[in-house]
Amino acid sequence: MRMLTTLILALCISAFVSPTASAQSPEEMQKWMEAMTPSDVHKMMAEWDGIWQEDIKMWMAPGTPEQTMKATVECKMILGGRYQEQKHSGSMMGMPFEGYSLTGWDNSRKVFSSTWMDNMSTGMMYMEGSWDAATKSMTLKGKMTDPMSGKQIDIRQVLYITSKDTQKLEQYSTVDGKEFKSMEIVLSKMK
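Q: For the overall build of the protein, give the residues involved together with the corresponding values.
A: On a plain count of helices and strands, the protein comes out with three helices and ten strands. In the protein, which comprises 191 residues, the share counted as buried stands at 32%. Here the contacts in the protein between residues at least 6 apart in sequence split such that 32% fall between residues at least 24 apart.

Q: Describe in detail the sheet that holds strand 7 (residues 137-145), supporting the description with residues and values.
A: Pairing is antiparallel in the closed barrel, where ten strands are placed in the order 1-2-3-4-5-6-7-8-9-10. Strand-to-strand twist in this sheet, taken as the mean axis angle between neighbours without regard to direction, amounts to 25°. Inspection of the sheet shows strand 5 (residues 111-118) paired to strand 6 (residues 125-132) by five bridges, in the antiparallel sense. Looking at strand 6, one finds that Thr115 is bridged to Tyr126.

Q: Any details on the packing of aromatic side chains? Residues and values, ideally.
A: Geometry of an aromatic ring pair is reported as the spacing of the ring centres plus the angle between the planes. This model, assessed by the stated rule, comprises three aromatic pairs. A ring pair is formed by Phe97 and Trp116, whose centres lie 6.4 Å apart and whose planes are at 25°; its orientation type is stacked. Here Phe97, found in strand 4 (residues 95-106), pairs with Trp116, found in strand 5; they are 19 residues apart in sequence, far enough to count as distant. Judged by its relative accessible area of 8%, Phe97 falls in the buried class. Here Trp105 and Phe112 contribute two aromatic rings whose centre-to-centre distance is 4.9 Å and whose plane-to-plane angle is 65°, an arrangement assigned as edge-to-face. By relative accessible area, Trp105 is classed as buried at 13%. Directly above the aromatic system of Tyr172 lies the positively charged group of Arg156, at a separation of 4.4 Å from the ring centroid.

Q: For unusual backbone geometry, give the residues involved together with the corresponding values.
A: The phi dihedral of Leu79 is positive, around 50°, even though this residue is not glycine. Counting through the fold element by element, Leu79 comes out in the loop between strand 2 (67-78) and strand 3 (83-92). The exposed category is assigned to Leu79, whose relative accessible area is 60%. Look at Lys136: it is not a glycine, yet its phi comes out positive at around 50°. Position of Lys136 among the secondary structure elements: in the loop between strand 6 and strand 7. Residue class for Lys136 comes out partly exposed when judged on its relative accessible area of 48%.

Q: A description of a nonpolar patch on the surface should follow, citing residues and the corresponding values.
A: Nonpolar side chains collect at one region of the surface, where Trp32, Met33 and Met36 lie side by side and expose about 260 Å² of accessible area between them. Of note, Trp32 is situated in helix 2 (residues 26-36). Here Trp32 falls in the partly exposed class, since its relative accessible area comes to 32%.

Q: Which residues make up the side chain of Glu85, and what values do they have?
A: Within the fold, Glu85 resides in strand 3. Buried and unpaired, Glu85 has no salt bridge, with Lys87 as the nearest side chain of opposite charge at 4.1 Å. At 3.0 Å, the side chain of Glu85 forms a polar contact with the side chain of Tyr100. Dropping the residues within four chain positions of it, Glu85 is found in contact with Glu74, Cys75, Lys76, Ile78, Tyr100, Ser101 and Leu102.

Cut-offs and rules
Residues numbered from 1 in each chain as written. Predicted model: local features only at pLDDT ≥ 70, side-chain atom pairs only at ≥ 80, totals over all residues. Heavy atoms only, no water. Helix = DSSP H or I, 4+ residues; strand = E, 2+ residues; numbered from the N terminus. Buried < 20%, exposed > 50% of the residue type's maximum accessible area, 1.4 Å probe, protein only. Contact = heavy atoms within 4.5 Å. Pairing = 2+ DSSP bridges. Axes fitted to C-alpha atoms, helices over the stretch in contact; angles between N-to-C directions. Phe/Tyr/Trp six-rings, centres within 6.5 Å; stacked < 30°, edge-to-face > 60°. Lys NZ or Arg CZ within 6 Å of the ring centre and 35° of its normal. Patch = residues over 30% accessible without salt bridge, like charges linked within 9 Å, V, L, I, M, F, W, Y side chains within 5 Å. Areas by Shrake-Rupley, 256 points an atom, 1.4 Å probe, with all protein chains shown as cover. Salt bridge = Lys/Arg side-chain N within 4 Å of Asp/Glu carboxyl O. Lys, Arg positive; Asp, Glu negative; His and termini not counted. Polar contact = N/O pair within 3.5 Å; in protein donor to acceptor, adjacent residues only side chain to side chain.

Now the structure itself:
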């Protein structure tokens, strides 16, 4: 039994270790170090740490009246400055709202990746995208499940860094081949 447990543990560990983890050459080791070391992009993301107020507008479909809500989000870098965790809380339609997001920059692929989940759904959204230094914006694209149809729809989010203490996020949803603005969040840093 003990040998079987040791074998299973060894297999589990090996499943999480990349085949290149045992790099032999200095060039391979250099690539590994570059992949794992927080970069200037991670340092930029760390500047977004803090507690922010969120003024949110949402549109369920094109031409529908906007719905508004307020929330707060606490952002902090985790895992040695490699990812930013965002915990959102507020009230939506008279019910408590909680959301959780994790955003990272992949040094190897040169892309952002982001997940989103909340207590108003059982689905998870995943997006990837790029940074535009000229407009100080991150554009992410991905898919989410439309709860009305049960189908996957395209989502595009653009986060604008408007100042050290303000940001604006715009979300666009594509339904029946047409993109419309489905959400806008103005973020103001509280501390």
